[in-house]
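Secondary and tertiary structure notes
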Amino acid sequence: MTLTELRYIVAVARERHFGRAAEACFVSQPTLSVAVKKLEDELNVQIFERSGSELAITALGQTIIHQAQKVLDEAQFIKHLAQHGQDPLSGPVRLGTIYTIAPYLLPKLIAKCRHALPQMPLYLQENFTTKLLELLKQGDIDAAIMADTFPQSGLEVLPLYEEGFMVAVPQGHPWQTLSIIQHTELQSQKTLLLGEGHCFRDQVLDICPDMQKNQKDGEISTFEGSSLETIRQMVAGGIGISIMPITSIPEDANSNGLIRYIPFADPIPKRRVVLAWRKSYARTKAMHALADAIKSSGMTGVDFL
């Protein structure tokens, strides 16, 4: 049994395809297939069920692949020790963030980390929660910053902060003079939502399930945007209202005249943001240092946990 063989079975499990796994590992498909079969023969178990173009993982195979990822994590940490000594704060961290957090947190976090954690550069990527969980569990990223709406099996989760939501309405809207809005009032409005896959969309619909109606009196009652910034511009253009997390709202937002941001009445809807990493990930101290950097990065309007 070799680390290379373990990398191959993890890649096959991730890609659900021998050809794509071989490409990801930069080897030919016959090379990868022979190595996987050799490992199965050595262990005297079937890890993958092959049926034409279909590929499935056996129950025992799932356990073996999970353990293989742990072994690969530990092997990576040995390399880290050799390259950076015994300091867990030395060496890069591959960090994922969801789309509705990254543009507002990362600029502050990068500035803070460059000062407080100069030996721990961050390799960053944005994605949906489901994809970040997949990348995290497969070892393609080390940690992820997400809203706390996901299954936490196999993960360590550290709460970072809670942030409330506000309603964004365009100039001239009947609500622009209101001081608070009841969440039950949202269903009467044309509302701009993020597209499928964004967990923030689901959180907004939890606030007012009746908001998601395809038709209302013959008119479309909801519109979808690809990002919070796109939605913000659509609100400014008078297309409808929307809901925004408070970290996405500029401090002088209500002074530009195009959009007014109005708080919700109690109980204020909010989301909890957390830092998650694999339980097998050895650099726990680095994760806590990263969390401390986030909490001291100068974000406003949130309740740190």
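Here the structure is a predicted model, which means the values were calculated and not measured.

Conventions and cut-offs
- Residues numbered from 1 in each chain as written.
- Predicted model: local features only at pLDDT ≥ 70, side-chain atom pairs only at ≥ 80, totals over all residues.
- Heavy atoms only, no water.
- Helix = DSSP H or I, 4+ residues; strand = E, 2+ residues; numbered from the N terminus.
- Buried < 20%, exposed > 50% of the residue type's maximum accessible area, 1.4 Å probe, protein only.
- Contact = heavy atoms within 4.5 Å.
- Areas by Shrake-Rupley, 256 points an atom, 1.4 Å probe, with all protein chains shown as cover.
- Axes fitted to C-alpha atoms, helices over the stretch in contact; angles between N-to-C directions.
- Parallel < 35°, antiparallel > 145°, perpendicular 65-115°, else oblique.
- pLDDT = per-residue confidence, 0-100.
- Pairing = 2+ DSSP bridges.
- Right-handed = clockwise from strand over helix to strand, strands pointing away.
- Left-handed = near helix turned anticlockwise from the far one by under 90°.
- Nonpolar A, V, L, I, M, F, W, Y, C, P; charged D, E, K, R; others polar.
- Core = buried A, V, L, I, M, F, W, Y, C linked by side-chain atoms within 4.5 Å.
- Phe/Tyr/Trp six-rings, centres within 6.5 Å; stacked < 30°, edge-to-face > 60°.
- Salt bridge = Lys/Arg side-chain N within 4 Å of Asp/Glu carboxyl O.

**Description of the overall build of the protein chain**
- Scanning the protein chain for helices and strands turns up nine helices and 12 strands.
- Projected onto its principal axes, the C-alpha positions of the protein chain cover 70 × 50 × 30 Å.
- Evaluated residue by residue, the protein chain yields a buried proportion of 47% over its 305 residues.
- Once local pairs closer than 6 in sequence are excluded, the contacts in the protein chain between residues at least 24 apart make up 72%.
- Put simply, the protein chain shows about 15,100 Å² of open surface, and 52% of that area lies on carbon and sulfur atoms.

**What to know about the packing of helix H2 (residues 18-25) against helix H3 (residues 29-43)**
- Direction vectors running N to C along H2 and H3 enclose 105°, while the axes themselves pass 8 Å from each other. If you check the angle between H2 and H3, you find them roughly perpendicular. Seen from H2, the contacting residues are Phe-18, Gly-19, Ala-21, Ala-22 and Cys-25; seen from H3, they are Gln-29, Leu-32, Ser-33 and Val-36.

**Focus on the confidence of the model for the protein chain**
- Counting all residues, the mean pLDDT for the protein chain is 88, and 93% of those residues have values of 70 or more.
- Every residue in residues 214-220 scores below 50 in pLDDT, and together they form nine contacts with partners more than four places removed in sequence or on other chains.

**Notes on the pairing of strand S4 (residues 122-127)**
- Across six bridges, strand S3 (residues 93-98) lies against S4 in parallel orientation. Looking at S4, one finds that Leu-95 is bridged to Leu-124.
- The handedness of the S3 to S4 crossover, carried by helix H5 (residues 102-116), is right-handed.

**Let's talk about unusual backbone geometry**
- Cis rather than trans, the peptide bond between Asp-266 and Pro-267 has omega equal to 0°.
- Inspection of the secondary structure assignment puts Pro-267 in the loop between strand S10 (259-263) and strand S11 (270-278).
- Its identity as a non-glycine residue notwithstanding, Asn-44 has a phi of 60°, on the positive side.
- Relative to the elements of secondary structure, Asn-44 occurs in the loop between H3 and strand S1 (48-51).

**Here's the deal with the packing of H5 against helix H9 (residues 284-295)**
- Running from N to C, H5 and H9 point in directions that differ by 115°, and their axes come no closer than 9 Å. Helix-helix and strand crossings are classified by hand; for H5 and H9 the assignment is right-handed. The segment H5 lies against H9, with Leu-105, Leu-109, Lys-112 and Cys-113 engaging Leu-290, Ala-293 and Ile-294.
- Broken down by class, the residue content of the contact of H5 with H9 amounts to six nonpolar, no polar and one charged.

**With respect to the nonpolar core**
- Counting 43 residues, the largest nonpolar core has Leu-109, Ile-145, Leu-275 and Leu-290 as the members making the most contacts within it.
- For this core, the element with the highest residue contribution is H9, accounting for seven residues.
- Once residues within four sequence positions are removed from consideration, Leu-290 is found in contact with Leu-95, Leu-109, Cys-113, Leu-117, Met-120, Leu-122 and Leu-275.
- Counting residues in hydrophobic clusters, the runner-up holds 29 residues, among them Ile-181, Cys-208, Val-235 and Ile-241.

**Regarding the packing of aromatic side chains**
- Overall, the coordinates contain four aromatic pairs when judged by the stated rule.
- Relative to Phe-48, the ring of Phe-18 has its centre 6.0 Å away and its plane inclined at 75°; by these criteria the two rings are edge-to-face. Of this pair, Phe-18 sits in helix H2 while Phe-48 sits in strand S1, placing them 30 residues apart in sequence.
- According to the relative accessible area criterion, Phe-48 is buried, its value standing at 0%.
- Consider the rings of Tyr-161 and Phe-304, whose centres lie 6.2 Å apart with planes at 80°: the pair is edge-to-face. With a gap of 143 residues between them, Tyr-161 in strand S6 (residues 155-170) and Phe-304 in strand S12 (residues 302-304) connect regions that are remote in the sequence.
- With relative accessibility at 33%, the residue Phe-304 sits in the partly exposed group.

**Focus on the pattern of salt bridges**
- Under the criterion given, the structure shown has 14 salt bridges.
- Across the pair Glu-15 and Arg-20 runs a salt bridge, and its minimum N-O distance is 3.9 Å.
- A relative accessible area of 23% means that Glu-15 is categorised as partly exposed.
- Arg-201 serves as the salt-bridge partner of Glu-224, at 2.8 Å between the closest nitrogen and oxygen. Residue Glu-224 is located in strand S8 (residues 222-225), and its partner Arg-201 is located in helix H7 (residues 199-207); the two are separated by 23 residues in the primary sequence.
- Relative accessible area serves as the criterion here: at 47%, Glu-224 is assigned to the partly exposed category.
- Salt bridges linked by common partners bring Arg-14, Glu-15, Arg-20 and Asp-140 together as one network.

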